[in-house]
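Chain by chain, the residues run as shown.
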Amino acid sequence: MKHFFRQLGPGLLFAGAAIGVSHLVQSTRAGADYGFGLIWALVLIHIIKYPFFQFGPRYAASTGKSLLDGYKKLGKIVLVIYFVINLLTIFTIQTAVTIVTAGIATYIFGIDWSITTWSLLITGICTIILLLGRYKLLDNLMKFIVITLTISTIIAVSIAGFEPHQEADFSQILPSDALGVAFLIAFMGWMPAPLDISIWHSLWSLEKAKSGKLTRKSAIFDFNIGYIGTISVGICFVALGALVMHNTGQSFSTNGVTFAKDLIDMYTISLGDWAFYLIGIAALTTMFSTTLTTLDASPRAMAKTIDLIIDKPIKHGYSVWMVILILGTGCILLFLTNEMGTLVQVATVLSFLTAPFFAIANYYAINSKEVPEADKPSKGLKIFSWLGIVLLIAFSIWYLSTLF
């Protein structure tokens, strides 16, 4: 068992980053609005995105380099496109996950500070963890956090299943109205996460390799454990929304504190006072893990991207980009909080529309000459990858067609 946990690391960091707004907010809303009707979308998008996420740790284990190095081999223009896309989303994503975390913390601990104060406190705690503990502490901490959120969520679903407040209807639904399509796109865009997290995973894999040998087999095993976790927790949150909230007429506020209160109160009223602590722990660990991992990964990826574009490592690039991310997040918290709904919508749509770009880039990187032949995807996985690329492009075209 000890050996088993020692193998885990980047895969759980991936799960910690992925299991966040897409699960706690979007999956719960999917269950509340459509019952179990969007399970097909959750499962389908996990299947479609699987190979492209897997190519991150596979590339790192096979070459000893990150996916960003692979992008550079495809042409610096690919790196520049990634940099621009990332620059357009990192501040909004970091602010969004921090506000939701702050809202949950405000309600659970009952300390009536402003959402900005709580957000800055949480950001400060995450910064201290990352700067003092570095990757090793992040790795060890995430094992505890991901296991805690998974167990607490599964227990909550199990109890809700024994005391269902809604009749379970497993009929699958394809929304046709404008609002329904917009929600479906946002749901699938961030489920389980944007595809660029595959880059984060490759960087974390290289950090893990500094403390031990990284093989393709161990990297994929670790990834699969994390990926199974993301889909399992996603289904659990859909089930909670469907069993507890569907057909109640409950609507969620876009305000972080109010959303947290509405979410936890709904479970408490429906399931009993015990749910306050269980759902509270599940929600807080879910969002804190995302806030922590994104604060680490975004600066790590941006610093590496700049190094590769200018062909020169910048001293303390990771720390510099962390400061930039914190300052950008702080500006949004102070001046643009009222626009968070719009900013998040833009970020989720952008994540959805850029998915084909990352899928194609990852595919060509893993099949490049830098990767040993034995470590390249099998013929079946290559065919499956191209099918996924076609579907991602088709979904993007479908979404754009609904706008006109």
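Residues numbered from 1 in each chain as written. Predicted model: local features only at pLDDT ≥ 70, side-chain atom pairs only at ≥ 80, totals over all residues. Heavy atoms only, no water.

(A) Layout of helix α4 (residues 39–63). Spanning 25 residues, α4 covers 36 Å between terminal C-alpha atoms, matching the ideal 36 Å at 1.5 Å per step. Residue Y50 marks the point of greatest curvature in α4, where the axis turns by about 45°; the proline P51 follows within four residues. Counting buried positions over the 25 residues of α4 gives 19, a clear majority of the element. Among the residues trailing α4, G64 stands out with phi positive, at a value near 75°. (Helix = DSSP H or I, 4+ residues; strand = E, 2+ residues; numbered from the N terminus. Expected span 1.5 Å × (residues − 1). Bend = angle between axes of the 7 residues up to and from the residue. Buried < 20%, exposed > 50% of the residue type's maximum accessible area, 1.4 Å probe, protein only.)

(B) Spotlight on empty space enclosed by the protein. On inspection of all chains with the given rule, the structure shows one cavity of 30 Å³ or more. Here the largest cavity is characterised by a volume of approximately 280 Å³. If you go around the largest cavity, you meet 26 residues; those closest to its centre are I93, W190, P194, I197 and W200. Listing elements by their share of the lining of the largest cavity, those giving two or more residues are α2 (10–18), α3 (21–34), α6 (76–109), α9 (197–209), α12 (274–310) and α14 (340–353). Tallying contributions element by element places α6 first for the lining of the largest cavity, with six residues. Looking at the lining of the largest cavity residue by residue, the class counts come to 16 nonpolar, nine polar and one charged. (1 Å grid on protein atoms, 1.4 Å probe; cavity = no way out; pocket = protein on both sides within 12 Å on 5 of 7 lines; lining within 4 Å. Points joined across faces, edges and corners; volume = space filled by probe spheres on them. Nonpolar A, V, L, I, M, F, W, Y, C, P; charged D, E, K, R; others polar.)

(C) Spotlight on the side chain of S385. Mapped onto the secondary structure, S385 falls in helix α16 (residues 379–402). Of the residues examined, S385 reaches a relative accessible area of 0% and is grouped as buried. Polar contacts involving the side chain of S385 include one to the main-chain carbonyl oxygen of L381, which spans 2.7 Å. Contacts of S385, omitting those with residues within four sequence positions, involve P51, F52, F55 and Y363. (Polar contact = N/O pair within 3.5 Å; in protein donor to acceptor, adjacent residues only side chain to side chain. Contact = heavy atoms within 4.5 Å.)

(D) Up close: unusual backbone geometry. One non-glycine residue with positive phi stands out, namely D311, at about 60°. Relative to the helices and strands, D311 resides in the loop between α12 and α13 (317–335). Classification of D311 as partly exposed rests on a relative accessible area of 47%. Non-glycine residue H316 carries a positive phi angle of around 60°. Its place among the elements puts H316 in the loop between α12 and α13.

(E) Representation of the packing of α4 against helix α8 (residues 178–189). At their nearest, the axes of α4 and α8 sit 10 Å apart, and the two run at 40° to each other. As the angle between them shows, α4 and α8 are arranged oblique. In the packing of α4 onto α8, the handedness of the crossing is right-handed. Along its contact with α4, which presents W40, A41, L42, I45 and K49, the element α8 presents L184, F187, M188 and G189. Among the residues making up the contact of α4 with α8, the classes are represented as seven nonpolar, one polar and one charged. (Axes fitted to C-alpha atoms, helices over the stretch in contact; angles between N-to-C directions. Parallel < 35°, antiparallel > 145°, perpendicular 65-115°, else oblique. Left-handed = near helix turned anticlockwise from the far one by under 90°.)

(F) Fine view of the pattern of salt bridges. Per the counting criterion, the structure on display carries seven salt bridges. A salt bridge links K76 to D311; its shortest N-O distance comes to 2.6 Å. With a gap of 235 residues between them, K76 in helix α6 and D311 in the loop between α12 and α13 connect regions that are remote in the sequence. R216 serves as the salt-bridge partner of D375, at 2.8 Å between the closest nitrogen and oxygen. With D375 in the loop between α15 (355–366) and α16 and R216 in helix α10 (residues 216–245), this pair connects stretches of sequence that are 159 residues apart. A relative accessible area of 31% means that R216 is categorised as partly exposed. One salt-bridge network, held together by shared partners, links K72, K76 and D311. (Salt bridge = Lys/Arg side-chain N within 4 Å of Asp/Glu carboxyl O.)

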